[in-house]
Amino acid sequence: MPRLLLLALLFFATTAAASAAKVDTLAIPSAAMNKTYRAAVVTPASYAKNKKANYPVLYLLHGAYGHFADWLKSTPDKLLVHRLADQYNVIIVMPEGETFAFYLDSPVNPGSQFETYLTKEGIPKIDQRYRTIRDRKGRVISGLSMGGHGALYLSARHPELYSAAGSMSGALDLQSINRKLSPEAAAQRAQLWAPVLGAETANPERFAANSVVNLVDQMQRNGLPLIIDCGIDDGLLEINREVHRRLLYNHTPHDYTERPGAHTWEYWQNALPYQVLFLHAVLKANGAAVL
């Protein structure tokens, strides 16, 4: 290879690396749970250069059986989140939500208080550590599956913290009564839920009260922009359709899309850019976008 061409390639490679988004792993202690969890934080390349700007934040939640780094490790394109952070000049925070905690405060398990953790401990830690817009106008939230439930649940219950919310393939109904389950699946489901909400047979009201499908009137009152999508081959499609129907019925504006795909990382890789585009438009309308 000619020497000049080699030097040019090295220059462009070095420049690209220098301008790429940066990934931090941040420890966020929880007094509520007496534990410390980690979060992955992606800052856009402009963050290191633009020292005077405060940046909007997207909280991006993982699904069940997963952990905080899933969005960085499991998408077929491992640089997807990096590029979106750079494209929209947004800080993307991926917090820990454990494998089956559903981002709520458990009434039966003091060690599973993830609503408190994310809203009262996680956000202040991020705002302290990074140059963020410390206001709801600069803060949005989305997630996949369990994280889709978490994003809509937390934003419905805390509209003072977020200006928009999204869900991809969301597990938006925690109640078994609305699911077609085999006896084996029902038993497995009961075992998973026992340390979070207790026994559904004894406390069905807990499962109903914590289901996003039953929070649509609160969403209507809050008036947050919402984006919801699900694959047409996803087992959670009917639940997402029901949420969509209820939002239509109570006249809650929202963006709803069904696309080809199933409950897979290929689907979520395709869905995430649409979500971020929608959420960035809200941030821009709020005057919170870094241009």
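Residues numbered from 1 in each chain as written. Predicted model: local features only at pLDDT ≥ 70, side-chain atom pairs only at ≥ 80, totals over all residues. Heavy atoms only, no water.

K.L.:
Sorry, what's going on with the pattern of salt bridges here?
P.N.:
By the definition in use, this model includes nine salt bridges. Linking Arg157 and Glu115 is a salt bridge whose minimum nitrogen-to-oxygen distance equals 2.8 Å. Here Arg157, found in helix 6 (residues 146-157), pairs with Glu115, found in helix 5 (residues 114-129); they are 42 residues apart in sequence, far enough to count as distant. What makes Glu115 buried here is its relative accessible area of 6%. Salt-bridge contacts for Glu258 lead to Arg241; the nearest nitrogen and oxygen are separated by 2.7 Å. Taken together, the positions of Glu258 in strand 8 (residues 255-259) and Arg241 in helix 10 (residues 237-249) put the pair 17 residues apart, joining distant regions of the chain. Residue classification places Glu258 among the partly exposed residues on the basis of a relative accessible area of 30%. Arg241 gets classed as partly exposed once you look at its relative accessible area, which sits at 27%. (Salt bridge = Lys/Arg side-chain N within 4 Å of Asp/Glu carboxyl O. Helix = DSSP H or I, 4+ residues; strand = E, 2+ residues; numbered from the N terminus. Buried < 20%, exposed > 50% of the residue type's maximum accessible area, 1.4 Å probe, protein only.)

K.L.:
I would appreciate a short explanation of the pairing of strand 6 (residues 165-168) in the present structure.
P.N.:
Side-chain positions along a regular strand alternate between the two faces of the sheet. Alternating residues of strand 6 divide into Ala165 and Ser167 and Gly166 and Met168, and every residue in both groups is buried. Pairing geometry for strand 6 and strand 7 (residues 226-231), over four bridges, is parallel. Counterpart to Ala165 in the pairing with strand 7 is Leu226. (Pairing = 2+ DSSP bridges.)

K.L.:
What should I look at first to understand the environment of Leu84 in this one?
P.N.:
When you line up the elements, Leu84 lands in helix 4 (residues 80-88). Owing to a relative accessible area of 4%, Leu84 belongs among the buried residues under this scheme. When the C-alpha positions of Leu84 and Leu272 are compared, they lie 9.0 Å apart, and in sequence the two are 188 residues distant. With residues near it in sequence (within four places) discarded, Leu84 still touches Val90, Ile92, Leu272, Pro273 and Val276. (Contact = heavy atoms within 4.5 Å.)

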